[in-house]
Structure formats: C-alpha cells, structure tokens
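Close look at the chain arrangement
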Amino acid sequence: MHSVHLEIFREIQGIGSASGMIYQPNLLYIIGDNSGFLNEYHLKNNKLRKIQILSGDKFQSLENIPKVQKPDFEVLCQYADQFYMLGSGSTAKRNSLIAFEPKSGRIVLKDLTETYRKMKAIANVDDDNLNIEGAVFTGEHWILFNRGNGSDGKNGLFQIFNADLANATKIEFKPFRLPNINHVESTFTDAVMVNNAIFFISTAEDTKSTYADGEILGSFIGSIDLKSLKLNFSHRISGSHKFEGISLYQETNSGVEFLLCEDRDTAELKTVIYKLALSI
C-alpha cells in the first residue's frame with residue numbers, strides 16, 4: 001500500500017502560471033506557460049533570476065503573455081546538462097522547443113510543427129485534441145504525454161524513437177487509461193523519469209477543451225514502467241489542486257520525495273511549491 005504526504009515547500013513571488021519544474025541542489029528552475037522567461041530560484045537566499053528564452057519583438061510583455069499569443073510551455077524536462085522546454089501543440093503558436101544549457105547559457109530554438117503534425121496523424125487526433133503536458137528524454141528517444149482533456153478524451157503516450165525531436169521519423173502512440181473522479185477521467189499534467197520508472201501527475205478537470213479551464217476535482221500521482229509502459233500504480237493526492245509540474249527532490253529509505261508546482265489559472269505572479277513524500 002502506498003501512502004502520500006503533501007506539504008507546502010516554498011512560496012515564490014514573481015512567477016505566475018507555473019507549469020514545469022526542475023530541482024537541482026539549492027536551485028529550482030520553473031517555467032510558466034504564459035512567460036518568455038525561465039525562472040531560476042535560489043533556495044538559500046530566496047533570490048529569483050529570470051532567464052529570457054524568447055525574443056520580445058512579438059510581445060508587449062514577456063512576463064504575462066495573453067492566452068491567444070502565449071507559447072504555452074507546459075514541459076520542462078532534463079537530460080544530462082541540457083534542459084528542454086516544449087510547447088503543448090494545442091494551437092499553432094504552441095509548437096516550439098527550446099533547448100537550454102544552464103552552464104553556458106546557450107539557447108537553441110526549434111520548430112515542432114512538423115513533428116506535431118505527424119503525431120496527430122498517427123494518433124488520429126485533430127488540432128483540438130493534441131495537448132502535450134509532459135515529456136521524458138532518455139538521450140536516445142522521447143516519450144511525450146498527451147493530456148486527454150479535449151473532446152476525444154485521448155490520454156496517451158507518444159514514443160518518438162529519435163533523439164532529434166524536431167526531425168522525428170519513427171513515432172508510435174499508446175492510448176492510456178487514468179483514474180477518474182465522479183466519472184471524470186484524470187488527464188496527464190506532467191511526468192519525470194526516476195531510474196526505470198516514470199512518475200506522472202494527472203488532474204481530473206471538468207472540461208472538454210484543451211483551451212478553456214474547468215472545475216478541478218482532484219489530482220493523482222502514479223508510476224509507469226519505463227520499458228513496458230504499463231501502469232504500476234496510482235494514488236490520489238489532492239481534492240482541489242491542479243498540479244502541473246513534477247520534479248524529483250530526493251530518494252529516501254522509505255520511498256521518493258517530489259516537488260510539485262501548481263497552476264492556479266490566475267494572472268497573479270505568485271507560485272506555491274509543494275513537497276510530496278511517497279512511501280513505496
């Protein structure tokens with residue numbers, strides 16, 4: 001039997017609509033889905049540094065980009081010394097990939113439009129039903145997590161058997177059933193790889209739109225076997241929070257601890273980070 005303990009880890013001013021996170025010793029990297037900055041937060045001195053990842057030419061402000069224009073960076077994941085930020089693909093303006101190297105500050109921008117087009121064709125989903133909310137990268141291939149909150153309700157895993165995501169040639173799609181609350185199936189909101197398992201978070205939200213928000217019914221954490229892509233377990237963690245980012249904090253003798261960030265769907269530049277202790 002699994003048990004979970006959820007508590008507030010840190011409250012951070014200056015970051016809104018947090019959607020992805022990476023923890024490193026004494027540092028938190030946080031991306032917002034409506035921002036042109038990657039946020040670097042120092043845990044010891046509570047200092048926040050904003051790293052510009054988008055050109056400001058197209059936007060009045062990079063701090064809080066309007067919904068119709070926002071790049072919708074729902075994914076922040078890591079492999080080796082490289083960070084990757086991916087747009088959700090839910091509109092034509094949300095098809096970017098940004099690779100960022102923290103040590104050098106090097107930024108590379110790529111267009112995922114063609115890859116997302118192939119993914120939609122393979123999964124048989126239209127523009128309104130692609131919504132990438134999580135990703136893991138093994139160094140050789142990718143797994144992208146589609147949040148099935150569109151009209152088709154198509155939760156699923158895209159396996160891309162290429163390291164260069166922008167030039168993907170071999171793609172497979174695996175539909176995936178997730179736990180439900182009051183007959184509303186939860187949908188993927190993020191994932192992280194820990195050893196030979198993928199830990200995901202999902203939220204039951206009463207909506208049939210990848211664009212419009214709905215009533216939050218609750219959230220889950222679960223585990224998927226990295227090789228078989230079969231569900232190991234799932235456990236409900238909240239009845240009211242919409243967690244959108246997960247990062248490994250530390251492994252313990254009794255289990256694993258994660259950090260979670262929450263998208264409160266407001267314009268307020270404030271983010272609450274939670275610590276989730278999962279006993280396994």
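Residues numbered from 1 in each chain as written. Predicted model: local features only at pLDDT ≥ 70, side-chain atom pairs only at ≥ 80, totals over all residues. Heavy atoms only, no water.

**Concerning the pairing of strand β17 (residues 197–206)**
Heads up, the rule is: Between buried and exposed lies partly exposed: a residue is buried under 20% and exposed over 50% of the maximum accessible area for its type, with that area taken using a 1.4 Å probe on protein chains only. The way it works is that DSSP assigns letters per residue, a run of H or I at least four long becomes a helix, a run of E at least two long becomes a strand, and they are numbered from the N terminus. Two strands pair if DSSP finds at least two bridges between them.
Taking burial as the measure, the ten residues of β17 include nine buried ones, the bulk of the element. Between strand β16 (residues 187–194) and the antiparallel strand that follows it, β17, lie two residues; Asn195 among them carries a positive phi value of about 55°. Pairing analysis gives ten bridges linking β17 to strand β18 (residues 215–225), with the strands arranged antiparallel. Residue pairing for β18: Ala197 is matched across the bridge by Asp225.

**Quick word on the packing of aromatic side chains**
As a reminder of what qualifies: The aromatic pairing rule takes the rings of Phe, Tyr and Trp, using the six-membered ring of Trp, and pairs them if the centres are within 6.5 Å, calling planes under 30 degrees apart stacked, those over 60 edge-to-face and the rest tilted. Charges are assigned to positions over rings by a cutoff of 6 Å between ring centre and Lys NZ or Arg CZ, combined with an angular limit of 35 degrees from the ring normal.
By the definition in use, this model includes 15 aromatic pairs. Arranged with centres 5.2 Å apart and planes meeting at 80°, the rings of Tyr84 and Trp142 form a pair that is edge-to-face. Residue Tyr84 is found in strand β7 (residues 82–87), and its partner Trp142 is found in strand β11 (residues 142–146); the two are separated by 58 residues along the sequence. Judged on exposure class, the residue Tyr84 and its partner Trp142 are both buried. Ring centres 5.2 Å apart and planes at 75° place the aromatic pair Phe145 and Phe188 in the edge-to-face group. Of the two residues, Phe145 is situated in strand β11 and Phe188 in strand β16; the sequence distance between them amounts to 43 residues. Judged by its relative accessible area of 0%, Phe145 is buried. By relative accessible area, which is 0% here, Phe188 ends up buried. The structure contains a cluster of three or more aromatic residues connected by ring pairs, namely Tyr79, Tyr84, Phe137 and Trp142. Sitting over the ring of Phe9, Arg10 keeps its end group 5.7 Å from the ring centre.

**Some words on the sheet that holds strand β2 (residues 18–24)**
Backbone-to-backbone hydrogen bonds pair the strands of a sheet. The strands run either parallel or antiparallel. We count it as follows: All axes here are fitted lines through C-alpha atoms, helices being fitted over the stretch that makes contact, and every angle between N-to-C directions spans 0 to 180 degrees.
The four strands are arranged β2-β3-β4-β5 in an open sheet whose pairing can be described as antiparallel. Two strands lie at the open edges of the sheet, namely β2 and β5 (47–52), each paired on one side alone. Strand-to-strand twist in this sheet, taken as the mean axis angle between neighbours without regard to direction, amounts to 20°. Relative to strand β3 (residues 27–32), β2 is paired through six bridges, and the arrangement is antiparallel. Opposite Ile22, over in β3, you have Tyr29 as the bridge partner.

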